[in-house]
Amino acid sequence: MAAVAFTQEQISQEAHRLYGLLGCVSKSKSAKWSLQDCLAAAPLTLEINRLKKEKNAVVLAHSYTSPELVYGVADFRGDSYELSLKAKQTQADVIIFAGVWFMAETAKIINPGKQVFIPAGHAGCSLADSMTGEDLARLKAKHPGVPVLCYINSTADVKAQSDSCVTSGNVYDIAQKMPGDELIFVPDMLMAQNLSAELVRRGTPKKIISSGGSCCVHDKYRPEHIEALRAQHPGIQIVAHPECPIEICRLCDYVGSTKGMADFVAKTSARVIGMLTEFGMVNRMEAEHPDKTFIWPFGVCSYMKRNTLANTLQALAEPLPGQEVQVDPATAKAAYKAIEKMFELTK
Ligand code: SF4
C-alpha cells in the first residue's frame, strides 16, 4: 500500500485533534490515552480520512470497537440498530463496517449493490455463531405456526427464516406486536428471559421459546459484582445490557440497549456510573461525559477489538479477499424481509 506522506505539522495537528477527543478516555484499566498514543495513530487516521473522500466511502463503527476508530475515522458510531439505519440511508459507494460479521452482513443485505468491507475479516460473535439456519428450522418444526423473532445478532441464514429482526432497543415493543401468546425468540437465551419478564411486567405475557446462545461478554456478570460496586461507590448508578443474566438486570438502576444506556447516562444526576457492558461503551461515555466517572468491572469483546486502524486502512486502500462481505442472493432476499419488517414495526 503506497500511503500519502504527511508533513510533521499535519501529523501534529491531527494528534492534537485526537487528543482533544481521547485524552479523557481509558486505554486500559490503569491508563488514559496520551498525546504519544495519538501521535502514533495520527498518520493512519489522516490517510483513512483522505481515502474516504477519494473513494466516496463511509465508515460505520460500533461503540464496542476502539475509540481511535469511533472518534478518529468513523462517520457514524452507535449500536446495531443505529448503524443498520445509517447503512440504509447512506449515499456512499463503499461501506466500511467496523464491527463483527453479522453487522457487516446486515449492511450488505440492505445494500446489495454496494461494496461492504469489514476491517476485521470474518470476526465472529458468540451469540450469532450459536445458531445455524438448520438449527432454527428444527426449532420451528417443533413449534409450527409460532411467530419467530431473531435478535439482530444472528446470521443471515437465521434472519432469512424469521418473521422479524429485533434489537435490544425495540425487542419488547415488537414482541408485543406479534400475534398469539407464544413466541420463538433466538438466539439469546438470557435476553429471552429478560423479554419474558418484561412482557409480564407490561401485562402482555407470552411463552418465549428460545435457543441456548449468549454473549460471552455480558453473560459473565454476577450479583456479587453489583454488590461490590455499591459497597465501594456509595450513590453509584449501575447500568446493564439486556444480554446480561436476569438476576443482574433485576439489581441494576437501568437496563437497555447501547443507545438506551447512553441516554440514561446523559440524563442521570449521578456522578459515578457502573457500566456492566463492553469496554468500548465505557470509552464512549468517558469521551462524551468527561465530568462523570465510569466504573467498569470487566468485559472486552475480543471479536470487536479485531478491528484496528491498520486493517481499516487495508480495507479502504487494497482490501483483502476476506474483508469483502458477500451474502448468497436468495438468503439475502429472505433476510432483507425480516430486517425491513423490523424497520416497519419500529416506526
Ligand atoms: S459483545 Fe457479545 S454480542 Fe456483541 S459482538 Fe461481542 S460477543 Fe457478540
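Cut-offs used in this document
Residues numbered from 1 in each chain as written. Predicted model: local features only at pLDDT ≥ 70, side-chain atom pairs only at ≥ 80, totals over all residues. Helix = DSSP H or I, 4+ residues; strand = E, 2+ residues; numbered from the N terminus. Rg over C-alpha atoms; globule rule 2.2 N^0.38 Å. Buried ≥ 20, exposed ≤ 12 C-beta atoms within 10 Å, placed from the backbone. Contact = placed C-beta atoms within 7 Å. Domains from an automatic or database assignment. Nonpolar A, V, L, I, M, F, W, Y, C, P; charged D, E, K, R; others polar. Axes fitted to C-alpha atoms, helices over the stretch in contact; angles between N-to-C directions. Left-handed = near helix turned anticlockwise from the far one by under 90°. Near = placed C-beta within 6 Å. Pairing = 2+ DSSP bridges. Core = buried A, V, L, I, M, F, W, Y, C linked by C-beta atoms within 7 Å.

Some points on the overall build of the protein
Here comes step 1: Along the protein, the regular secondary structure elements total 15 helices and 12 strands.
Here comes step 2: For the protein, whose C-alpha radius of gyration is 20 Å, the value lies close to the compact-globule estimate of 20 Å for 347 residues.
Here comes step 3: Principal axes of the C-alpha set define a box for the protein whose edges measure 65 × 55 × 30 Å.
Here comes step 4: For the protein, the proportion of its 347 residues judged to be buried stands at 48%.
Here comes step 5: Within the protein, counting contacts between residues at least 6 apart in sequence, those at least 24 apart form 68% of the total.

So, the domain arrangement of the protein
Here comes step 1: Domain annotation for the protein reports domain 1 (8-123 + 304-323), domain 2 (128-215) and domain 3 (219-295).
Here comes step 2: In this structure, domain 2 and domain 3 have C-alpha centres spaced 25 Å apart.
Here comes step 3: Listed as interface residues are 11 residues of domain 2 and, on the opposing side, 12 residues of domain 3.
Here comes step 4: The residue makeup of the side of domain 2 that touches domain 3, split by class, is 4 nonpolar, 6 polar and 1 charged.

Some words on the packing of helix α1 (residues 8-22) against helix α2 (residues 35-54)
Here comes step 1: Packing of α1 against α2 leaves a shortest axis separation of 8 Å and a crossing angle of 115°. The way α1 lies across α2 gives a crossing that is right-handed. Touching Gln10, Ile11, Glu14, Ala15, Leu18, Tyr19 and Leu22 of α1 are Leu35, Cys38, Leu39, Ala41, Ala42, Pro43, Thr45 and Leu46, all from α2.

What to know about the site of the ligand
Here comes step 1: In the neighbourhood of the ligand, 13 residues make up the surrounding shell, with Cys125, Leu127, Cys215, Val217 and Cys301 lying closest.
Here comes step 2: Counted by class, the shell around the ligand contains 10 nonpolar, 2 polar and 1 charged residues.

Section: the environment of Gly256
Here comes step 1: If you trace the backbone, Gly256 turns up in the loop between β10 (254-255) and α12 (258-267).
Here comes step 2: Every residue in contact with Gly256, bar those within four places of it in the chain, is listed here: Ser168, Pro242, Met261 and Phe264.

Let's talk about the sheet that holds strand β2 (residues 76-78)
Here comes step 1: The strand order across the open sheet built from 4 strands is β2-β1-β3-β4, with neighbouring strands paired in parallel fashion. The open sheet has two edge strands, β2 and β4 (115-117), and neither has a second partner. Taken over all neighbouring pairs, the strand axes of this sheet differ in orientation by 20° on average, direction set aside.
Here comes step 2: Where strand β1 (residues 57-62) lies against β2, 3 bridges are found, and the strand directions are parallel. Opposite Leu60, over in β2, you have Phe76 as the bridge partner.
Here comes step 3: Helix-sheet contacts for helix α14 (residues 309-317) involve β1, β3 (94-98) and β4, and the interaxial angle to β3 is about 160°.

Some details on unusual backbone geometry
Here comes step 1: Residue Val186 is joined to Pro187 through a cis peptide bond whose omega torsion reads 0°.
Here comes step 2: Relative to the helices and strands, Pro187 resides in the loop between β7 (182-186) and α9 (189-201).
Here comes step 3: For Asn56, which is not glycine, the phi torsion reads 45° and is therefore positive.

Points about the nonpolar core
Soluble globular proteins: nonpolar side chains tend toward being buried together.
Here comes step 1: In terms of nonpolar packing, the biggest core is built from 106 residues, with Val59, Leu60, Ile96, Phe97 and Leu149 touching the most fellow members.
Here comes step 2: If you tally residues by element for this core, the top one is helix α5 (residues 101-110), at 7 residues.
Here comes step 3: Phe97 has contacts with Leu60, Met103, Ala104, Ala107, Val116 and Ile118, leaving out every residue within four places of it along the chain.

Some points on the sheet that holds strand β5 (residues 148-151)
Here comes step 1: Here 4 strands make up an open sheet; going across it, the order is β6-β5-β7-β8 and the pairing parallel. Because the sheet does not close on itself, it has two edges, and the strands there are β6 (164-166) and β8 (207-209). Strand-to-strand twist of the sheet, defined as the mean angle between neighbouring strand axes without regard to direction, takes the value 35°.
Here comes step 2: This element, α9, spans β5, β7 and β8 of the sheet and lies at about 170° to β8.

What about the pairing of strand β9 (residues 237-240)?
Here comes step 1: In this structure, β9 lies alongside strand β11 (residues 272-276), joined through 4 bridges in parallel fashion. By the bridge assignment, Gln237 is partnered in β11 with Ile273.
Here comes step 2: As defined by bridge partners, β9 adjoins β10 across 2 bridges and the pair is classed as parallel. Paired with Val239 across the bridge in β10 is Tyr254.

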